[in-house]
Amino acid sequence: MINPSVTFHVAPMETSHAEEICNWDYTAPYNIYGWMPWEQMQALGIEFGDPQLRNEQYVSILNGQGILCGFAQLFPMEGIVRLGIGMRPDLCGQGLGKIFMDAIVQSALLRYPEREIDLEVLTWNQRAIRTYQKCGFTITDTYERLTPTGNKPFYCMVYDK
């Protein structure tokens with residue numbers, strides 16, 4: 001049963017959060033969502049290892065006690081903001097997805113009120129797909145995209161405001 005007192009809020013991603021996220025260890029098949037070591041991300045200046053990109057696009061998702069529970073990327077595109085989402089591995093599958101996603105969607109709506117919100121999800125990730133559907137996302141397209149392990153099928157899901 002979900003604790004109804006659990007809340008999440010969005011905050012700027014601090015460097016310490018970025019470093020912590022790089023240490024998260026997901027079990028297979030979700031390990032595809034892991035990140036390279038923090039030092040390597042910083043050295044390459046990629047994703048949240050780039051301070052400017054981290055400040056402009058990444059946010060941390062914190063619980064009511066201020067503990068890091070996940071992150072989101074709000075990637076601006078022409079007329080769209082694409083979400084990239086990660087929840088701390090020990091919280092996955094605990095029934096917290098809807099309130100976690102609701103916080104991210106509200107943040108995206110505040111930051112980009114005029115844009116459509118979408119996300120991409122691997123077609124096998126039914127746990128995430130069910131959560132996104134509960135939050136108002138609908139599958140609008142299917143396509144293959146290159147991943148670190150080769151081309152994989154993805155759904156594009158769009159939020160229905």
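No experiment lies behind these values; they were computed from the predicted model shown. (Residues numbered from 1 in each chain as written. Predicted model: local features only at pLDDT ≥ 70, side-chain atom pairs only at ≥ 80, totals over all residues. Heavy atoms only, no water.)

(A) Spatial organisation of the overall build of the protein. Secondary structure assignment for the protein yields five helices and seven strands. Going from the N terminus to the C terminus, the protein shows its helices and strands as β-α-α-α-β-β-β-α-β-α-β-β. Here the protein, with 161 residues, has 42% of them falling under the buried criterion. Long-range pairs, those at least 24 residues apart, make up 55% of the contacts in the protein with a sequence separation of at least 6. When the accessible surface of the protein is split by element, carbon and sulfur atoms take 52% of a total near 8,800 Å². Put simply, the protein has 12 plus and 18 minus side-chain charges, and the middle of one group is 6 Å from the middle of the other. (Helix = DSSP H or I, 4+ residues; strand = E, 2+ residues; numbered from the N terminus. Buried < 20%, exposed > 50% of the residue type's maximum accessible area, 1.4 Å probe, protein only. Contact = heavy atoms within 4.5 Å. Areas by Shrake-Rupley, 256 points an atom, 1.4 Å probe, with all protein chains shown as cover. Lys, Arg positive; Asp, Glu negative; His and termini not counted. Charge placed at Lys NZ, Arg CZ, Asp CG, Glu CD.)

(B) Quick peek at the environment of Phe71. Within the fold, Phe71 resides in strand 3 (residues 68-77). For Phe71, a relative accessible area of 5% gives the class buried. Along the backbone, Phe71 and Gln106 are 35 residues apart, and their C-alpha atoms lie at a distance of 14 Å.

(C) How the structure looks around the pairing of strand 7 (residues 150-159). By the bridge criterion, five bridges tie strand 5 (residues 116-122) to strand 7 in an arrangement that is antiparallel. Along strand 7, the bridge assignment pairs Val121 with Tyr155. As judged from the ten bridges shared by strand 6 (residues 137-147) and strand 7, these two strands associate in the antiparallel manner. The partner of Glu144 across the bridge, within strand 7, is Pro153. Taking the residues between adjacent antiparallel strands as the criterion, strand 6 and strand 7 are bridged by two residues. (Pairing = 2+ DSSP bridges.)

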